Amino acid sequence: MKANWLGAALILGAALGTAHAQQTVFIPIVIEVSGSGAVSGTNFRDGALMAIDEVNAKGGILGRKINAPVSDTQTNPGISRAQVQKALDGNPYAILGPVFSGSVKVNMLLAQAAEIPQFTGAEAAEITQMGNDYIFRTSFGQQMSMPKMAVFVADGIKARSVAFLWVNNDYGKGGRDVFFKEMAKRNIKIVADVSTEAGQVDFAADIVKLKSANADAIFIYTNEEECARVLREARKQGVKTPIIGETNVISQKVIDLAGDTAEGVRGHVGLTADAPIPAVQAFTDKFQKRYKYVPDHNGIKGYTAVYAIKHATEKLGKFDSKALAKLMKGLTIKPEQEPGILMEATWDAKGDIDRISFLVEVVKGRQKVVEVLPKLGK
Amino acid sequence: MLLWQTSQTINFAQGEFVMLPAFFVLAAMKFGGLSFPAALLVGMLVALLVLGLLFKRLVVDPILRHGVLPLVISTLGLAIFFKEGVKEFYAAEAQGFPGFWPATNFTIFGAVISAQSLVIIGVAVVAVGVLQYFLGRTRTGRQMQATAQNPTLARVLGIPVERMILYTFLVNAALVALASFLVSPIYLAKFTNGELLGLAAFVAAIVGGFNQVRGAIVGGLLLGIVDNLVAAYWSSQYRAAFPLFLLIAVILWRPQGLLGRAEERTV
């Protein structure tokens, strides 16, 4: 009799477990919650979680709520690989994150082998050039953003020489290589090429090098915290040369950390919480109300990734990871179709995203959009 | 160094000791709603309590009697505890820390010097001067030195050795708090800051001389100058290696440090 009861309980438990699994869709977030990438990672995570709560509140995707546990890569490629493997062991529908290019380069091979689409915030150019059909960006890769930046350097500020400071990791090196090619095409001289380390805190000597190069502009291309330290040090050393950058140095987190030393910095951003677009402003208000801080571009990356998956899945009408990856190639999502996408976005055959972008300047502690640049495909 | 001289304490959490007071201040401002000056005062008092009194009573006193090695391992554990504690309970991200002085610069003979740098140098010079005066010219300071040189003889002479050791821990706590308040506006407050600061402090102390306060000062200055000159005029990629080359050279040719004195110990 006891055995019968036990058997019944086990069957009931298994049935309930199966029912729960069927009611949810597993989309784990593997992201930088600590380490040098924490600023980017926590923004991405918070944006994604906000979107997931919104989607779940409206009944989920095709009637199934999103189950999205967060695991921390500690900004360590080795740990990120282990976390992606752990996520894959749970049979995910798709994976969100990470943001750091060095981690993505290591772990995307696992998702590719498992044929699970991975939506990343990483920007290193080569990520989408390695023949991986399962990787999708939620922001510009460097091969999309640096040409826009080069036009800004040549025509916007009319610089003929640039001093370039970069972080010696996959993100920094990828950006440096693409930018240097773009500068060579335009005969703009690179008069200082200063490599720095991730997590570096003392930039006194690096700023001395940049200053002594007497360039028309100083280009800062490091991760967020380092950008803030560079700007503080530049102010300490009385740098008068215009400081420019792509995305990070003009991100809201850097502005918050650098304080008034970020004033006047200009550059290009693929995404900004201050974009003059009502949907983005509504997102920013919601985000700020929920998390009590102003999101940066990574917050938008995480948010739109969830809605991209939702829209594509609803278009498919079923949960099929391979079909999702196939559908994403060449897919355009418009805000009229899916308001959560915020701005019209198109994914190409390599998984790169194309959409409008912005030239901004830091004014009174916020990004001020100076110009809206069209999609490259238009 | 002070701790080593008075109580044979090697503190491998010294870097985290410098990282932590900045978070005491930020927490006082965030959760206590205090103004920056009031939070600085609270930060200093909490540092004296936690990094001075409690560190001695709860970590050093019970463990040191088992030898120096268990204490070394304990302070390594303490460093991890502080680091992970800040990450877990405050933030994993870097935090802005207010400066003492507005961001103005002076140009002296063509060189731009920020007011912030001058304040830091000034505070550091005053702190070292006060410390030297206290140790060399006051009765308590001389008693602390006597304790450092020979605790047994100091006890015979009626010096309250335990109290002198406690004072040393409190002085150490005050100095790390001061360092934290000075360096955090530039480096930003982050839970990992201790790794770098701790390593730099140890290298500076060994290069200068582990048993001399002025040795540590010279070691620190030398290290800072070498590090920045190498990064600015030679190679920023290899900047981290040069202080270690210096360390190896000192250990090979002058193990007592540049200004240290050789000590004999019974083994």
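Basis of the calculations
- Residues numbered from 1 in each chain as written.
- Chains lettered and ligands numbered in written order.
- Predicted model: local features only at pLDDT ≥ 70, side-chain atom pairs only at ≥ 80, totals over all residues.
- Heavy atoms only, no water.
- Helix = DSSP H or I, 4+ residues; strand = E, 2+ residues; numbered from the N terminus.
- Rg over C-alpha atoms; globule rule 2.2 N^0.38 Å.
- Contact = heavy atoms within 4.5 Å.
- Buried area = accessible area lost by both parts, 1.4 Å probe.
- Salt bridge = Lys/Arg side-chain N within 4 Å of Asp/Glu carboxyl O.
- Polar contact = N/O pair within 3.5 Å; in protein donor to acceptor, adjacent residues only side chain to side chain.
- Nonpolar A, V, L, I, M, F, W, Y, C, P; charged D, E, K, R; others polar.
- Buried < 20%, exposed > 50% of the residue type's maximum accessible area, 1.4 Å probe, protein only.
- Pairing = 2+ DSSP bridges.
- Axes fitted to C-alpha atoms, helices over the stretch in contact; angles between N-to-C directions.
- Expected span 1.5 Å × (residues − 1).
- Core = buried A, V, L, I, M, F, W, Y, C linked by side-chain atoms within 4.5 Å.
- Parallel < 35°, antiparallel > 145°, perpendicular 65-115°, else oblique.
- Left-handed = near helix turned anticlockwise from the far one by under 90°.

With respect to the overall build of chain A
Right, on to step 1. Scanning chain A from N- to C-terminus turns up twelve helices and 17 strands.
Right, on to step 2. The C-alpha radius of gyration computed for chain A amounts to 22 Å, which stays within 12% of the reference 21 Å derived for 378 residues, consistent with globular compactness.
Right, on to step 3. Overall, the C-alpha framework of chain A stretches about 85 × 40 × 40 Å when taken along its three principal axes.
Right, on to step 4. For chain A, the proportion of contacts with a sequence separation of at least 24, taken over those separated by at least 6, is 67%.

With respect to the overall build of chain B
Right, on to step 1. Assigned secondary structure in chain B consists of eleven helices and two strands.
Right, on to step 2. Along the chain direction, N to C, the helices and strands of chain B fall in the order α-α-α-α-β-β-α-α-α-α-α-α-α.
Right, on to step 3. Its C-alpha radius of gyration of 19 Å places chain B within 12% of the 18 Å reference for a compact globule of 267 residues.
Right, on to step 4. Reported as C-alpha extents along the three principal axes, the dimensions of chain B are approximately 55 × 50 × 35 Å.

Digging into the interface of chain B and chain A
Right, on to step 1. Counting residues at the interface gives 29 residues for chain B and 28 residues for chain A.
Right, on to step 2. Both faces combined, the contact of chain B with chain A buries some 2,300 Å², and carbon together with sulfur accounts for 49% of it.
Right, on to step 3. Together, Glu 93, Tyr 187 and Leu 188 of chain B form the three largest contributors to the area buried by chain B at its contact with chain A, with a combined 22%.
Right, on to step 4. Where chain B packs against chain A, one counts four salt bridges.
Right, on to step 5. Where Glu 93 of chain B meets Lys 253 of chain A, a salt bridge forms, and the shortest distance between an N and an O atom there is 3.1 Å.
Right, on to step 6. One can count eleven residue pairs in polar contact (both at pLDDT 80 or more) joining chain B with chain A.
Right, on to step 7. Elements supplying a minimum of two residues to the side of chain B that touches chain A: strand E2 (111–114), helix H5 (115–137), helix H8 (161–187), helix H9 (193–208) and helix H10 (213–233) of chain B.
Right, on to step 8. Among the elements that take part in the side of chain B that touches chain A, H10 of chain B stands out by supplying five residues, more than any other.
Right, on to step 9. Broken down by class, the residue content of the side of chain B that touches chain A amounts to 14 nonpolar, ten polar and five charged.

Quick look at the pattern of salt bridges
Two side chains with opposite charge may pair up if their charged atoms get near one another.
Residue and element names in this part refer to chain A.
Right, on to step 1. Following the criterion strictly, the structure yields 31 salt bridges over all chains and no others.
Right, on to step 2. Residue Asp 193 pairs with Arg 176 through a salt bridge whose shortest N-O separation is 2.8 Å. You can see Asp 193 sitting in strand E9 (residues 189–196) and its partner Arg 176 sitting in helix H6 (residues 170–185), a full 17 residues away along the chain.
Right, on to step 3. When salt bridges with common partners are traced through the structure, they connect Lys 173, Arg 176, Asp 177 and Asp 193 into a single cluster.

Some thoughts on the environment of Arg 137 of chain A
Residues and elements named next belong to chain A.
Right, on to step 1. Among the structural elements, Arg 137 can be located in strand E7 (residues 135–137).
Right, on to step 2. Using a relative accessible area of 0% as the deciding quantity, one classes Arg 137 as buried.
Right, on to step 3. Looking at Arg 137, its side chain comes within polar contact range of the side chain of Asp 352, at 2.5 Å.

Quick word on the sheet that holds strand E10 (residues 217–221) of chain A
All names here are of chain A.
Right, on to step 1. Within the open sheet, the seven strands sit side by side as E9-E8-E10-E11-E12-E16-E17. Their pairing is mixed. Only two strands of the sheet have a single partner each, and these edge strands are E9 and strand E17 (366–373). The average undirected angle you get between the axes of adjacent strands in this sheet is 25°.
Right, on to step 2. Judged from the seven bridges that link them, strand E8 (residues 161–167) and E9 form a sheet pairing that is parallel. Residue pairing across strands places Val 162 opposite Ile 190, the latter belonging to E9.
Right, on to step 3. Its contacts with the sheet put helix H5 (residues 142–156) on E8, E10, strand E11 (243–246), strand E12 (266–269), strand E16 (357–363) and E17, and the angle it makes with E11 is roughly 155°.

A word on helix H2 (residues 38–57) of chain A
All names here are of chain A.
Right, on to step 1. For H2, spanning 20 residues, the distance from its first C-alpha to its last is 28 Å, which sits close to the expected 28 Å at 1.5 Å a residue.
Right, on to step 2. By the criterion of burial, H2 is predominantly enclosed, with 17 of the 20 residues buried.
Right, on to step 3. One or two steps after H2, the chain reaches Gly 59, where phi turns positive at roughly 105°.

Focus: the environment of Ala 279 of chain A
All names here are of chain A.
Right, on to step 1. In this structure, Ala 279 sits in helix H10 (residues 278–291).
Right, on to step 2. Judged by relative accessible area, Ala 279 falls into the partly exposed class, the value being 27%.
Right, on to step 3. Distance from Ala 279 to Lys 148, taken between C-alpha atoms, is 24 Å for residues 131 residues apart in sequence.

Observations concerning the nonpolar core
Right, on to step 1. Residues Ile 66, Leu 96, Phe 119, Ile 220 and Trp 347 of chain A are the most contacted members of the largest nonpolar core, which totals 82 residues.
Right, on to step 2. Top element by residues in this core is helix H11 (residues 297–316) of chain A. It accounts for eight residues.
Right, on to step 3. Each residue touching Ile 66 of chain A, except ones within four places of it in the same chain, is listed here: Val 25, Ile 27, Ile 52, Val 55, Asn 56, Ile 61 and Val 306 of chain A.
Right, on to step 4. Judged by nonpolar contacts, the second largest core, of 53 residues, contains Phe 23, Ala 39, Leu 71 and Leu 131 of chain B.

A closer look at the sheet that holds strand E15 (residues 353–354) of chain A
Residue and element names in this part refer to chain A.
Right, on to step 1. Pairing is antiparallel across the open sheet formed by three strands, whose spatial order is E13-E14-E15. Single-partner strands in this sheet number two, and they are strand E13 (332–333) and E15.
Right, on to step 2. Across two bridges, the pairing between E13 and strand E14 (residues 345–347) is antiparallel. Among the inter-strand pairings, Ile 333 is bridged to a residue of E14, identified as Ala 345.

A word on unusual backbone geometry
Residue and element names in this part refer to chain A.
Right, on to step 1. Going from Gly 97 to Pro 98, the amide bond is cis rather than trans, its omega being -10°.
Right, on to step 2. Relative to the elements of secondary structure, Pro 98 occurs in the loop between strand E5 (95–96) and helix H4 (101–114).
Right, on to step 3. A positive phi angle, close to 55°, is found at Asn 187, a residue other than glycine.
Right, on to step 4. Despite not being glycine, Lys 292 has its phi angle at roughly 65°, a positive value.
Right, on to step 5. The exposed category is assigned to Lys 292, whose relative accessible area is 69%.

Points about the pairing of E17 of chain A
Right, on to step 1. When E16 of chain A meets E17 of chain A, the two strands line up antiparallel, connected through seven bridges. Counted as the bridge partner of Val 363 of chain A is Arg 366 of chain A from E17 of chain A.

Some words on the packing of helix H3 (residues 77–89) of chain A against H4 of chain A
All names here are of chain A.
Right, on to step 1. In the contact formed by H3 and H4, the axes pass within 8 Å of each other and the chain directions differ by 25°. Between H3 and H4, the angle is such that the two are roughly parallel. For the pair H3 and H4, the sense of crossing is right-handed. In contact with Pro 77, Ser 80, Arg 81, Val 84, Gln 85 and Leu 88 of H3, H4 contributes Gly 102, Ser 103, Val 106, Asn 107, Leu 110, Ala 111 and Ala 114.
Right, on to step 2. Considering only residue class, the contact of H3 with H4 consists of seven nonpolar, five polar and one charged.

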